[in-house]
Amino acid sequence: SQTIHQWPATLVQPVGSPLSLECTVEGTSNPNLYWYRQAAGRGLQLLFYSIGIGQISSEVPQNLSASRPQDRQFILSSKKLLLSDSGFYLCAWSVSQLYEQYFGPGTRLTVT
Amino acid sequence: KNQVEQSPQSLIILEGKNCTLQCNYTVSPFSNLRWYKQDTGRGPVSLTIMTFSENTKSNGRYTATLDADTKQSSLHITASQLSDSASYICVVRASGSARQLTFGSGTQLTVLP
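All figures in this text were calculated on a predicted structure; none of them were measured in a lab.

Colleague: What exactly am I supposed to notice about the interface of chain A and chain B here?
Modeller: How big an interface is tends to be expressed through the accessible area that disappears when the partners come together. Taken together, the 20 residues of chain A in the interface contact 18 residues of chain B. Of the roughly 1,500 Å² buried where chain A meets chain B, counting both sides, 54% is carbon and sulfur surface. Summed over the shared surface of chain A and chain B, the number is 1 salt bridge. Residues E100(A) and R34(B) are paired through a salt bridge, measuring 3.5 Å at the closest nitrogen-oxygen approach. Those elements giving two or more residues to the side of chain A that touches chain B turn out to be β4 (32–38), β5 (44–52) and β9 (87–94) of chain A.

Set out below in structure tokens:
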């Protein structure tokens, strides 16, 4: 069966520090991968999605970036965090863009 | 602009009672609508999916309805349990690619003993 992992589960970082969140999927090949951010009381916002290694589409201009160095690995990064980057970050995968997305456990990021 | 509005924002009920959550959308062209359950601090998990031709679909104690004409959906929870306490998110897909998903902000349900 397929599983999706995210780490770390929680993270507290000072403003201006770098960020690296990792997501990996097991049990499937060539998944579509997604990064979402969920702010308190708000709906999920799609940040990036990838249909293959090295193929990243950005949905919202921001100081975050994403990379897909391996088929089942998706990384969310920032060179300098802002207070507004605080939130709950969710990684998801799907068989294709038209099929159900399965979400990971999420990472709670607090920028202080 | 595609939008999904959910009501109420929060709801508190007693264990064993029924409740209904609402979702109104303006997504076009419509492809499907999913209800997700999100426990606190966890990722959302799909409960049910509704396509244009479906009016009602059940998953255990969860029953979703869809009125494509009025662009409304509801999620009815029967005989609530403490474990039903969670955020319930309505997600509507427009025909096309992944970025055509529009998420509601969720209804926070609390079930009290």
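More follows now that the structure is in view.
Colleague: I would appreciate a short explanation of the environment of S78(A) in the present structure.
Modeller: All names here are of chain A. You can see S78 is positioned in strand β8 (residues 73–78). On the basis of relative accessibility, which here comes to 6%, the residue S78 falls in the buried class. Linking S78 and L90, residues 12 residues apart in sequence, is a C-alpha distance of 16 Å. Excluding residues within four positions of it along the chain, S78 makes contact with P18, L19, N63 and L64. A polar contact of 3.3 Å, which involves the side chain of S78, links it to the backbone oxygen of N63.

Colleague: What am I meant to see in the state of the cysteines here?
Modeller: By definition, a disulfide links the sulfur atoms of two cysteines through a covalent bond. Enumeration according to the criterion identifies 2 disulfides over all chains in this entry. Here C23(A) engages in a disulfide with C91(A); their sulfurs sit 2.0 Å apart. Measuring handedness by torsion sign, the sulfur bridge of C23(A) and C91(A) sits at about -75° and is left-handed. Here C23(A) is found in strand β3 (residues 19–26), whereas its partner C91(A) is found in strand β9, with 68 residues between them in sequence. Classification of C23(A) by relative accessible area gives buried; the value is 1%. The residue that forms a disulfide with C23(B) is C90(B), at a sulfur-sulfur distance of 2.0 Å. Judged by the sign of its S-S torsion, about -65°, the bond between C23(B) and C90(B) is left-handed. On the criterion of sequence distance, the pair formed by C23(B) in strand β3 (residues 19–25) and C90(B) in strand β9 (residues 86–94) is long-range, its members being 67 residues apart. Owing to a relative accessible area of 0%, C23(B) belongs among the buried residues under this scheme. Considering cysteine sulfurs only, C23(B) is the nearest to C19(B), which forms no disulfide, with 15 Å between them.

Colleague: Honestly, the pattern of salt bridges in this entry has me stumped. Any pointers?
Modeller: Residue and element names in this part refer to chain A. Following the criterion strictly, the structure yields 5 salt bridges over all chains and no others. Between D85 and R37 there is a salt bridge whose closest N-O contact spans 3.7 Å. Of this pair, D85 sits in the loop between β8 and β9 while R37 sits in strand β4, placing them 48 residues apart in sequence. Of the two residues examined, D85 and R37, each falls in the buried class. With its nearest N and O atoms 3.3 Å apart, the salt bridge here joins R68 to D71. For D71, a relative accessible area of 22% puts it in the partly exposed group.

Colleague: Looking at this structure, I do not really get the packing of aromatic side chains. What am I missing?
Modeller: Two numbers describe a pair of aromatic rings. These are the distance of the centres and the angle of the planes. Tallied over the entire structure, the rule returns 9 aromatic pairs over all chains. When the centroid spacing of 6.4 Å and the interplanar angle of 35° are considered together, the rings of Y34(A) and Y36(A) count as tilted. There is no split in this pair, since Y34(A) and Y36(A) are both buried. Sitting above the plane of the Y62(B) ring, R61(B) keeps its charged end 5.7 Å from the centroid.

Colleague: Where do I start with the environment of L47(A) in this structure?
Modeller: Within the element layout of this structure, L47(A) appears in strand β5. Exposure remark for L47(A): the relative accessible area of 0% places this residue in the buried category.

Colleague: I would appreciate a short explanation of the sheet that holds strand β7 (residues 64–70) of chain A in the present structure.
Modeller: Strand pairing in a sheet takes place through backbone hydrogen bonds and is either antiparallel or parallel in direction. Residues and elements named next belong to chain A. The antiparallel open sheet is built from 4 strands, whose spatial order is β1-β3-β8-β7. In the strand order of this sheet, the two ends are held by β1 (3–7) and β7, each with one partner. Ignoring which end each strand starts from, the neighbouring axes of this sheet average 20° apart. Pairing between β3 and β8: 6 bridges, direction antiparallel. What sits directly across from C23, in β8, is F74.

Procedures and definitions
- For every chain, the first residue of the written sequence is number 1, and numbering continues from 1 onward in sequence order.
- Chains carry letters from A onward and ligands carry numbers from 1 onward, assigned in written order.
- Owing to the predicted nature of the model, reporting of local features is limited to residues with pLDDT of at least 70; listing and counting of side-chain atom pairs is limited to 80 or more, with chain, interface and lining totals taken over all residues.
- Side-chain numbers here rest on the full set of heavy atoms in the structure, without hydrogens or water.
- Contacts are residue-level and defined by heavy atoms, with any inter-residue pair within 4.5 Å sufficient.
- Buried area: the accessible area, evaluated with a 1.4 Å probe, that two parts lose upon being put together, summed over both parts.
- In the sections that follow, a salt bridge refers to a side-chain nitrogen of Lys or Arg positioned within 4 Å of a carboxyl oxygen of Asp or Glu.
- A run of H or I in DSSP counts as a helix once it spans at least four residues, and a run of E counts as a strand once it spans at least two, with each numbered from the N terminus.
- Burial here depends on accessible area, computed with a 1.4 Å probe over protein chains only, as a share of the maximum for the residue type. Under 20% is buried, over 50% is exposed, and the range in between is partly exposed.
- By the criterion applied in these results, polar contacts are pairs of N or O atoms within 3.5 Å in which, for protein atoms, one can donate a hydrogen and the other can accept it, and in which residues neighboring in sequence qualify only through two side-chain atoms.
- Counting rule for disulfides: a pair of cysteine sulfur atoms within 2.5 Å.
- Any pair of Phe, Tyr and Trp rings, taking the six-membered ring for Trp, is counted once the centres come within 6.5 Å. Such a pair is stacked with planes under 30 degrees apart, edge-to-face with planes over 60 apart, and tilted for the rest.
- Charge-over-ring placement is defined geometrically: NZ (Lys) or CZ (Arg) within 6 Å of the ring centre, and within 35 degrees of the ring normal.
- We call two strands paired when DSSP finds no fewer than two bridges between them.
- For helices, the axis comes from a line fit to the C-alpha atoms of the stretch in contact; other axes are also lines fit to C-alpha atoms, and the angle between any two N-to-C directions lies between 0 and 180 degrees.

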